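The lines below spell out each chain.
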Amino acid sequence: MEFKLNYLLKVTLVLVLSLNIHATNKCIKSEVLSLNDTVVGNIEHRIVGIKNVLSGKGGDSSLIWNVFGNDFDFNRSDEYISKLETINSKSRGISEEYEYLSNCLKELKLTKRMAQLEKLSIEYNNFKVQLFKKNKALNNSIKLNIDSNSSIPSLAKEIDEEFIVLEKSKRDIEKELAQNESKTLIDSNSKEVVFYQNSLLKFKLDLIKTRILFNRNLQQKIEYFNLKSLKLSNLSSNYEERDTETIEAQFVEVEKIWKEVTKQNFYDLIKGSLFFDIPRVPGVFTSKRNVESEIRATLETERSKVSTFRKESISDLTKKKEEELKLLNNLLIQINSLRSNYYNKLSFSFLSGRFFTSSYLSSLKNEIYASPYRLLNYVYSKYLFVNEKLSLGRDGITDLSLLLFKYMMIILGVFSFKLVLHKIYDFLEKKNRGLVSKRKRSEFFSYLTTIWNKHSDNFYSISWLFLLFVLSHFELLNNISIILNIFIILIVAKIIRSLVILFLSTVSSIDSRNYRSFKLKAEGTAGRFANIYLVYSLIMVLLNLTVGKVYIYSIVKFVAIIYSLYQVIETSSVWSKEFSTYTEKKFSGVIVDKIERFYKFLPSKIQGIFSFLFISILTIVNIFIRMTEDFAISKKISANLFRKQVESVEVEEGASEQIPNEYKEKFTFNSLDVEEHYVNHTSEIEESICNEIVEWIDEKSEEHSVVVYGDKGIGKTTLLKKVIRDMEGRYTDELSCVYTKVPAKTIDREKAHTFIVNALGLEENGSFDLYKLDKMLEKKTVLVIDEAQNLFLSHTKGFSAYNGLLNMINLSTENIFWVLSFNKYSWLYLDRAFGRSQFFRNIFPLKGWDDTAIKELIFKRHHSSEYKLSYDLLINATRSQDEMDRYTTVESKFFKLLWELSRGNPRAALYLWLTSLSRRNSKTFNVHIPKDADLDSLDKLADDIFFVIASVLKHENLSPNEIESTTNLPKGIVRNAIKVGQERNFFFKDKHGRYMIEISSQYGLIKYLKSKNFIYGY
């Protein structure tokens, strides 16, 4: 108590100093130093208190009473821990209450004291984090222990003081009784009066003795609590011990204390009286003799005082009993929590060795006996509360009535909520019927009506769950939180029942003929699963509340899991036929065939469970894909699943020959030859390049070069030509745009100079001079150089032309803006060899298109023809009976597959599109799965072949002689590699005899080359 008084004085001093300093709005050094000393002292004392608790030494709990605070909420422990860690990392440990002191120390340049405060604050916060984490692991038992310990000193002092007063009153009454006995011997006429007075005194004496007895009992409980609490603190300090033998020994010790505590709690409650055996006050004095009115009035006054003392005694006894229950309850919570946590850390060998031993059976028996204890304690505490209020007469009844009124208002609010729910449900149902009746409605509203029709049955349950969640935050209902939890379990069980029926109705074919039988069968199945959850959850809640998560809890949990698995298997076998039919209807024939082949090796009894698992997994994947359909990973999963579904629907050999040439010509990758075929997919990059050029024209920027790079066929040329058209449209007379391609391979510097002169349309006399050429230009010129990778070969003297180009770009010309395009792997190689920042400031990588753009690319060309498409083969392969699949879903999945196989490369997509078609009739094509390149058995090929492939990829196109010079491989090996590459469809040979990577094999080869470190990139 002395420490608390000192602490309050210090806090008061801090507040006064803070107010004084804030009032003057100035940091006064003397006051700041005093405030700093007080704050540092308080923090040091609290750190000592936390250390004592963490080490199990106990000590004065008032040292850390303010660490938790009055408003500590155990459920927000993670939030408190996160906040403290944030303060340490961002504010150097200085919390809000110390900000003013910190600012003043900085302002007064008291650096040493500031450093001390920061160091101490970080240390204090770290200890608080440890304390909160340990309290969380021990289920709030540390906080409960501190609360109990903080109230014990004052309670013990109160009992001692009351004991002295009661003993004195007892002696006085005994003395007065003796005196009254002597009066009756002297005056026999006053015998009735004295006898009545003695009855009042004896009644009061009995009350005093009862109160003394209860005080002694409570003193014993306090001593018992302190002893066991200290022991538990010592054991909890070793909770994080990792040594197996130590944990097992500690558990045995905790188990002994638990048995003792639960036995005392249980038998004290059961064997003890559930009420105070206190008789009523003697009745009003009556006498046949004439007794003076003054004497009668005196006796009535004494009787009234005794009646008041009786009420005070009942209130005091109730308080003592509640304190006793509170102490023992808190002790039981601590021991249950510690026991449960130690139990969860025990090894299986230790537990299995204890099974069916006398110690195990004794503990199990004790758990069974003790399990009702806390529930009975709860009921008993409420009985004491009501009994006290009733014994207080009018005042107590008024308090009870007010409390009942509050509960009645809550009940009335619940009924009002029920009426509001009915109104809301009717409104939503009416709106849903209106949306359903509309012939045309948006996809969003169609989705809403579908959701409502499926889950409207759970509207009330979900709404009640929300209400219970709100009510759980009412302080008035804290005492009945277990009842709220039970209601939540009941509602969740109802929702589970509804969801099971919904699932079974989804996998079953229901019509008017089998509806009744389905309903009975589904309700029986749903009821079993709902009851399993209900019984399991209720038992778990009660066990966790009473004896903790140890023996009975583990047994019940194990039995519930085994029984639940048994019911799932049993139910799956009952619904096996429906599962099989649904699988064939919903998922692909290929996958179903594989599953059915797998079933042949399984007993018929467990085939249903595998069907259920298969349906569940595929359903989860479908939900995931729908929820993340805009993400690439989801599209890839969807594409690969669809590919598995329709892998049997491949184009037959020679089918492409039946496709008319005029149709094939529409799918040649001619960059922007037909404006209507252009897909605006790179508008952001296009706009950025145009802005760079505009700033250069307007002399807002001196930067005069841009690089675009990407895979072959990704659309670099198309983008550059679109930029030229846009710029020519903006600057008709002021700007000249020149597009040119670098011939393969222009690696000589002089040839590169000639190439630039010719591209600019100029004639040069004498040596090459770019400044001179720049002056000769009549207007500003955008020089677009496509396929700039043709300016180098990766061998000695193979970079002369490229270096010459870099030198030209590095010159400060006034009339030339350079736009260059590179093959991706050529650019990555050059970037690593030469760097880029000193030459090019604006670099734009072109990445793969998304599936929507690929679909637009194909359909713009297809719709310009007179042919139609049929997806019937794909629909039949999926065995889909869903009407939406027939017109929308299959087409969407096909283009996701086309996008995945092409990696978003438009040229590859055009090629793959043609491989997916076969002639159905004169005006219709069948759509099959695209024919991907056969890249199996790559591991069997020699490394020399991959060196050749990597070299071609790095340069985009090479002649045989150039391959020899860039790989340093013998001519024979190179020729063999080229031959193998052509046979395996790795290489394409153009009309000039140069070799390039075949577009259909490009990404498969790149993936393999990266995995084997033949190339680098991203």
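About the criteria used
Residues numbered from 1 in each chain as written. Predicted model: local features only at pLDDT ≥ 70, side-chain atom pairs only at ≥ 80, totals over all residues. Heavy atoms only, no water. Helix = DSSP H or I, 4+ residues; strand = E, 2+ residues; numbered from the N terminus. Buried < 20%, exposed > 50% of the residue type's maximum accessible area, 1.4 Å probe, protein only. Contact = heavy atoms within 4.5 Å. Areas by Shrake-Rupley, 256 points an atom, 1.4 Å probe, with all protein chains shown as cover. Pairing = 2+ DSSP bridges. Axes fitted to C-alpha atoms, helices over the stretch in contact; angles between N-to-C directions. UniProt positions renumbered as here; feature names shortened; annotations may be inferred. pLDDT = per-residue confidence, 0-100. Phe/Tyr/Trp six-rings, centres within 6.5 Å; stacked < 30°, edge-to-face > 60°. Expected span 1.5 Å × (residues − 1). Parallel < 35°, antiparallel > 145°, perpendicular 65-115°, else oblique. Nonpolar A, V, L, I, M, F, W, Y, C, P; charged D, E, K, R; others polar. Salt bridge = Lys/Arg side-chain N within 4 Å of Asp/Glu carboxyl O. Disulfide = S-S within 2.5 Å.

Participant: Hey, could you run me through the overall build of the chain in this one?
Facilitator: Per the secondary structure count, the chain includes 38 helices and 10 strands. A total of 1018 residues make up the chain; the buried ones form 46% of that total. In the chain, of all internal contacts separated by at least 6 residues, the share reaching a separation of at least 24 is 78%. Approximately 55,200 Å² of the chain is accessible, and the part contributed by carbon and sulfur atoms is 55%.

Participant: It is not clear to me how the sheet that holds strand S8 (residues 924-927) should be interpreted in this structure. Could you clarify?
Facilitator: Judged by pairing direction, the sheet is mixed, and its 3 strands sit side by side in the order S6-S8-S7 without closing on themselves. Edge positions in the open sheet fall to strand S6 (868-870) and strand S7 (917-921), since each of these has one partner strand only. On average, each strand axis in the sheet is tilted by 40° relative to the strand beside it, whichever way the strands run. Bridge count between S7 and S8: 4 bridges; the pairing is antiparallel. In the sheet register, Arg919 faces S8, and the bridge partner there is Phe925.

Participant: Can you help me understand the UniProt feature "coiled-coil region" (unreviewed entry) in the chain in this one?
Facilitator: UniProt's entry tags residues 314-341 with the feature "coiled-coil region" (unreviewed entry), counted in the numbering of this structure. Counting secondary structure, residues 314-341 comes out at 100% helix and 0% strand; the distance between its end C-alpha atoms is 40 Å.

Participant: Help me out: how do you make sense of the confidence of the model for the chain in this one?
Facilitator: Low-pLDDT portions of the prediction should not be read for the details of their coordinates. Of all residues in the chain, 81% have pLDDT values of 70 or greater, and the mean over the chain is 78. When the criterion is pLDDT under 50, residues 1-24 qualifies, and its contacts beyond four places in sequence or with other chains add up to 26 contacts. Under a pLDDT of 50 for its full length, residues 881-885 has, in the predicted model, 5 contacts with residues more than four places off or in other chains.

Participant: Which parts of the structure should I look at to understand the packing of aromatic side chains?
Facilitator: The way to describe two aromatic rings as a pair is by their centre distance and the angle between their planes. Throughout the structure, instances matching the rule amount to 29 aromatic pairs. A ring pair is formed by Phe799 and Tyr829, whose centres lie 6.3 Å apart and whose planes are at 25°; its orientation type is stacked. One end of the pair, Phe799, is in the loop between strand S3 (780-786) and helix H29 (800-810); the other, Tyr829, is in helix H30 (residues 824-834), with 30 residues separating them in the sequence. On the basis of relative accessible area, Tyr829 is assigned to the partly exposed category, the value being 26%.

Participant: What am I meant to see in the UniProt feature "transmembrane region" (unreviewed entry) in the chain here?
Facilitator: Mapped onto the present numbering, the UniProt feature "transmembrane region" (unreviewed entry) falls on residues 400-421, 459-476, 482-504, 525-545, 551-569 and 606-625. Here residues 400-421 is 100% helix and 0% strand, with 31 Å between the C-alpha atoms at its ends. What you have in residues 551-569 is 100% helix and 0% strand, and the ends, taken at the C-alpha atoms, are 27 Å apart.

Participant: Teacher, can you tell me more about helix H17 (residues 481-507) here?
Facilitator: At 3.6 residues per turn, the α-helix brings residues three or four places apart onto the same side. Across its 27 residues, H17 extends 39 Å between first and last C-alpha, which sits within 8% of the 39 Å expected from 1.5 Å per residue. Listed as buried for H17 are Ile482, Leu484, Ile489, Ile491, Ala493, Ile495, Ser498, Val500, Leu502, Leu504 and Val507.

Participant: Please explain the packing of helix H35 (residues 943-955) against helix H36 (residues 960-967) as it appears in this structure.
Facilitator: When two helices pack together, their arrangement is given by the angle between the helix axes and by the axis-to-axis distance. Contact geometry for H35 and H36: axes closest at 10 Å, N-to-C directions at 105°. It follows that H35 is roughly perpendicular to H36 by the angle criterion. Each of Phe947, Val948, Ser951, Val952 and His955 in H35 lies in contact with H36, whose residues at this interface are Ile963, Thr966 and Thr967. Across the contact of H35 with H36, the residue classes tally to 4 nonpolar, 4 polar and no charged.

Participant: Is there a simple way to explain the pattern of salt bridges in this structure?
Facilitator: Two side chains that carry opposite charge are able to pair once their charged atoms sit near each other. By the definition in use, this model includes 18 salt bridges. Note that Lys741 and Glu787 form a salt bridge whose closest N and O atoms lie 3.8 Å from each other. Of the two residues, Lys741 is situated in strand S2 (residues 735-741) and Glu787 in the loop between S3 and H29; the sequence distance between them amounts to 46 residues. Salt bridges sharing partners connect three or more residues here, namely Glu686, Lys722 and Asp726.

Participant: Got a minute to help me understand the pairing of strand S1 (residues 705-710) in this structure?
Facilitator: Looking along a regular strand, one sees side chains alternate from face to face of the sheet. Of all 6 residues in S1, 6 are buried, a share of seventy percent or more. Residues Ser705, Val707 and Tyr709 of S1 are buried on one face, and the alternating residues Val706, Val708 and Gly710, pointing to the opposite face, are buried as well. The sheet contact formed by S1 and strand S4 (residues 816-823) spans 6 bridges and is parallel. Bridge pairing links Val708 to Ser821 in S4.

Participant: Any chance you could explain the sheet that holds S3 here in plain terms?
Facilitator: The strand order S2-S3-S4-S1-S5 describes an open sheet built from 5 strands, whose pairing is parallel. Each edge of the open sheet is held by one strand with a lone partner, namely S2 and strand S5 (842-845). Ignoring which end each strand starts from, the neighbouring axes of this sheet average 15° apart. In the sheet, S1 pairs with S5 via 4 bridges, with the strands oriented parallel. Looking across to S5, one finds that Tyr709 is bridged to Pro845. Most of the contacts of helix H25 (residues 683-697) go to S5, to which it runs at about 165°, and overall it touches S1, S2, S3, S4 and S5. Packed on one face of the sheet, helix H27 (residues 749-760) meets S2, S3 and S4 and runs near 130° to S3.

Participant: What is the right way to look at the state of the cysteines in this model?
Facilitator: Here, disulfide denotes a covalent bond that connects the sulfur atoms of two cysteines. Evaluated as defined, the whole model comprises 1 disulfide. Paired by a disulfide, Cys27 and Cys104 hold their sulfur atoms 2.1 Å apart. In this structure, the disulfide formed by Cys27 and Cys104 twists by about -70° around the S-S bond and is classed as left-handed. Highlighted residues: Cys27 in the loop between helix H1 (2-24) and helix H2 (29-55) and Cys104 in helix H5 (residues 99-107), separated in sequence by 77 residues. Summarising the burial analysis for this pair, Cys27 and Cys104 share the class buried. Of the cysteine sulfurs around Cys690, a residue in no disulfide, the closest is that of Cys737, at 9.0 Å. The exposure class of Cys690 is buried, given its relative accessible area of 2%.

Participant: Help me understand helix H38 (residues 1002-1011) in this model?
Facilitator: Turning to H38, its buried residues number three or more, namely Gln1002, Tyr1003, Leu1005, Ile1006, Tyr1008 and Leu1009. One or two steps after H38, the chain reaches Asn1013, where phi turns positive at roughly 65°.

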